[in-house]
Amino acid sequence: MRVGELELCPVSDGSFVARPRYFDDDAHPGARPDVFDRDGAAWLPIGCFVIRIGDRVILVDAGLGPELQYLPDDMYLVGGQLLTGLRAVDVSPGEVSDIVCTHLHTDHVGWLFDQHADPVFAAATIWLGAKDWDHFVDGPGEMAAHIEAGFRRCAGTPRLRLLNQDTPVAEGVTAVMTPGHTPGHLSVMVESGGSRVLLLGDAITCPVQLEEPGWHSLGDIDPVLAERSRQRLCLWLADGRTIGVGAHFPELRPGHLATAEWQPVLSR
Ligand SMILES: [Zn+2]
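The rules we used
- Residues numbered from 1 in each chain as written.
- Predicted model: local features only at pLDDT ≥ 70, side-chain atom pairs only at ≥ 80, totals over all residues.
- Heavy atoms only, no water.
- Pairing = 2+ DSSP bridges.
- Helix = DSSP H or I, 4+ residues; strand = E, 2+ residues; numbered from the N terminus.
- Donors = N, O, S within 2.8 Å, 3.2 Å for Na, K, Ca; no water.
- Tetrahedral: all angles 85-135°; square planar, octahedral: opposite > 155°, others 65-115°.
- Buried < 20%, exposed > 50% of the residue type's maximum accessible area, 1.4 Å probe, protein only.
- Axes fitted to C-alpha atoms, helices over the stretch in contact; angles between N-to-C directions.
- Patch = residues over 30% accessible without salt bridge, like charges linked within 9 Å, V, L, I, M, F, W, Y side chains within 5 Å.
- Areas by Shrake-Rupley, 256 points an atom, 1.4 Å probe, with all protein chains shown as cover.
- Salt bridge = Lys/Arg side-chain N within 4 Å of Asp/Glu carboxyl O.
- Core = buried A, V, L, I, M, F, W, Y, C linked by side-chain atoms within 4.5 Å.
- Contact = heavy atoms within 4.5 Å.
- Phe/Tyr/Trp six-rings, centres within 6.5 Å; stacked < 30°, edge-to-face > 60°.

Student: Explain the pairing of strand β10 (residues 167–170) to me, please; I cannot follow it from the model alone.
Tutor: Consecutive side chains along a regular strand alternate between the two faces of the sheet. Of the strand pairs in this sheet, β10 and strand β11 (residues 173–177) are connected by three bridges, and their pairing is antiparallel. Looking across to β11, one finds that Thr167 is bridged to Ala175. From the end of β10 to the start of β11, which pair antiparallel, there are two residues, and Gly172 there has a positive phi angle of about 90°.

Structure, rendered in structure tokens:
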């Protein structure tokens, strides 16, 4: 899709098989049959996005990589398709100038480095929230050894940009701090020619969360802060000119919030 002067293209690395329990411990396995199939599974994508602006090719999130990862309660992730997907939209790995990681969960960093910890996108500068570095690279957060080793090789070089505040990445592309799902989670605002698209990462995992009161996200590290960030994002998505899409939205299709159906709860 075009966003003013920019081109935005979703590419999925594979599937995230989620169940209602991902969103609420007490959710009934048969809840929301419009989203979950007869076995109670929602086949959500592992979304990445390509933004082209001038001679920059910006990749937002780097998928799970060629891996299968099991989660509790019969949920799992299967990746491996990102490079093929990029080829299909005419992007070679060497062309990628920047990678913005919304956060450092395994299904967003999997293609950054290969098994030898060498960069898959050799020319790319990697942007991420500094607090995610503290949590996942230096702290207790789970991270594959080859990804951690790759990150450590980048530390202190111009290839790595650790962000503590809302920061422009390119003209019309801004990393916006939306912590809670992870300590340094960020979203990406893409804005040009009066059009605005928010790439939400996992700040909102699936639109069904906005329709079911109390549904959060199993992966939220700080649920209270995550909810506050969701409210901030929802105000944008309800302004009538902003559309948004998360990394796991069905078919990676952006949408806006119909304000009539949604009441902002700003204090809780
Ligand atoms: Zn994710």
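Student: Any chance you could explain the coordination of the zinc ion here in plain terms?
Tutor: When a metal carries six donors in an octahedron, the ideal angles between them are 90 or 180 degrees, while four donors in a tetrahedron ideally lie at 109.5 degrees. At this site the zinc ion is bound by Asp107 (OD), His108 (NE2), Asp202 (OD) and His248 (NE2), with donor distances of 2.1 to 2.2 Å. Because the angles between the four donor atoms bound to the zinc ion fall within 86 to 161°, the donor set is best described as irregular. Along the chain, the residues that donate to the zinc ion are spaced as D-H-x93-D-x45-H. With a gap of 141 residues between them, Asp107 in helix α2 (residues 106–109) and His248 in the segment after β14 (242–245) connect regions that are remote in the sequence. On the basis of relative accessibility, which here comes to 7%, the residue Asp107 falls in the buried class.

Student: What is the right way to read the pairing of strand β4 (residues 56–60) from this model?
Tutor: With four of five residues buried, β4 is to be regarded as a mostly interior element. With five bridges joining them, strand β3 (residues 42–53) and β4 adopt antiparallel strand pairing. Its bridge partner lying in β4, Arg52 is registered against Val57. In sequence, β3 turns back onto β4 through a hairpin of two residues, with Gly54 there showing a positive phi of about 55°. By the bridge criterion, three bridges tie β4 to strand β7 (residues 98–100) in an arrangement that is parallel. Within β7, the position partnered with Leu59 by the bridge is Ile99.

Student: How do you make sense of the sheet that holds β10 when you look at a structure like this?
Tutor: The strands that make up a sheet pair up through hydrogen bonds in the backbone, lying either parallel or antiparallel. Spatially, β10-β11-β12-β13-β14 is the arrangement adopted by the five strands of the open sheet, whose pairing is mixed. Whereas interior strands pair on both sides, the edge strands pair on one side only; in this sheet they are β10 and β14. Averaged over all adjacent pairs, the angle separating strand axes in this sheet is 25°, with direction ignored. Sheet topology places strand β13 (residues 195–199) next to β14; four bridges connect them, and they run parallel. Counted as the bridge partner of Arg196 is Thr242 from β14.

Student: So what exactly am I meant to see when it comes to a nonpolar patch on the surface here?
Tutor: A contiguous nonpolar patch, built from Leu68, Tyr70 and Val78 and spanning about 310 Å² of accessible area, is present on the exposed surface. The exposure class assigned to Val78 is partly exposed, which follows from its relative accessible area of 32%.

Student: Help me understand the nonpolar core in this model?
Tutor: One recurring pattern in soluble globular proteins: nonpolar side chains tend to sit buried together. Residues Ile51, Ile58, Val100, Val173, Val188, Val190 and Leu199 are the most contacted members of the largest nonpolar core, which totals 35 residues. Elements supplying a minimum of two residues to this core: β2 (6–18), β3, β4, β10, β11, β12 (186–192), β13 and α6 (223–237). Ignoring any residue separated from it by four or fewer positions in sequence, one finds Val100 in contact with Ile58, Leu59, Val60, Asp61, Trp127, Val169, Leu186 and Val188. The next biggest cluster of nonpolar side chains, apart from the first, holds 30 residues, and it includes Ala62, Ile147, Cys154 and Leu160.

Student: Help me understand the packing of aromatic side chains in this model?
Tutor: For any pair of aromatic rings, the description consists of the separation of the ring centres together with the inter-plane angle of the planes. A full pass over the atoms with the stated rule returns nine aromatic pairs. Ring geometry for Trp133 versus Phe151: centroids 5.7 Å apart, planes at 75°, classification edge-to-face. Residue Trp133 is found in helix α3 (residues 130–137), and its partner Phe151 is found in helix α4 (residues 145–154); the two are separated by 18 residues along the sequence. In this structure, Trp133 and Phe151 share a single accessibility class: buried.

Bear in mind that shape data such as this cannot, by itself, settle questions of function.
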